[in-house]
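# An overview of the molecular structure
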Amino acid sequence: MEPLPQTDTVPITEGGSVFVQPLKPANPMLRFHRYIETSDWDERIIGGEHLFNMICLLAATLSGMALLPVMIAVLLK
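What you are looking at is a predicted structure, and each value in this text was computed from that prediction instead of being measured.

What counts and how
Residues numbered from 1 in each chain as written. Predicted model: local features only at pLDDT ≥ 70, side-chain atom pairs only at ≥ 80, totals over all residues. Heavy atoms only, no water. Helix = DSSP H or I, 4+ residues; strand = E, 2+ residues; numbered from the N terminus. Areas by Shrake-Rupley, 256 points an atom, 1.4 Å probe, with all protein chains shown as cover. Patch = residues over 30% accessible without salt bridge, like charges linked within 9 Å, V, L, I, M, F, W, Y side chains within 5 Å. Salt bridge = Lys/Arg side-chain N within 4 Å of Asp/Glu carboxyl O. Buried < 20%, exposed > 50% of the residue type's maximum accessible area, 1.4 Å probe, protein only. pLDDT = per-residue confidence, 0-100.

Let us now look at the overall build of the protein. When helices and strands are counted, the protein shows 3 helices and 0 strands. Put simply, the protein runs from its N terminus to its C terminus through helices and strands in the order α-α-α. Here the protein has roughly 7500 Å² of accessible surface; of this, 69% comes from carbon and sulfur atoms.

Our next topic: a nonpolar patch on the surface. On the surface, Leu67, Leu68, Val70, Met71, Ile72, Val74 and Leu76 cluster together into a nonpolar patch covering about 690 Å² of accessible area. Topologically, Ile72 is positioned in helix α3 (residues 49–76).

Our focus in this paragraph is the pattern of salt bridges. Enumeration according to the criterion identifies 1 salt bridge in this entry. Residue Asp40 pairs with Arg44 through a salt bridge whose shortest N-O separation is 3.7 Å. For Asp40, a relative accessible area of 38% puts it in the partly exposed group.

Attention now goes to the confidence of the model for the protein. Here the protein averages 81 in pLDDT, while 66% of its residues score no lower than 70. Within the protein, no element has a lower average pLDDT than helix α1 (residues 28–38), which sits at 85, and none a higher one than α3, at 95.

Okay, structure coming up:
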């Protein structure tokens, strides 16, 4: 989804040409906020749920294997 451009609006009170000046580029926080509101990032995360679950399971298994010798040594004391 394309972000909408931001512009300054100027009321037309007299005849003639009107110049609409674009706003300054948004700071990173505002751009991130706009991205969160307008993109489909949540649908993409839900679509990759299986991969995310596998990564979490792998991380938990590896953490358990790394801590297993420490837990055995503490229990045998």
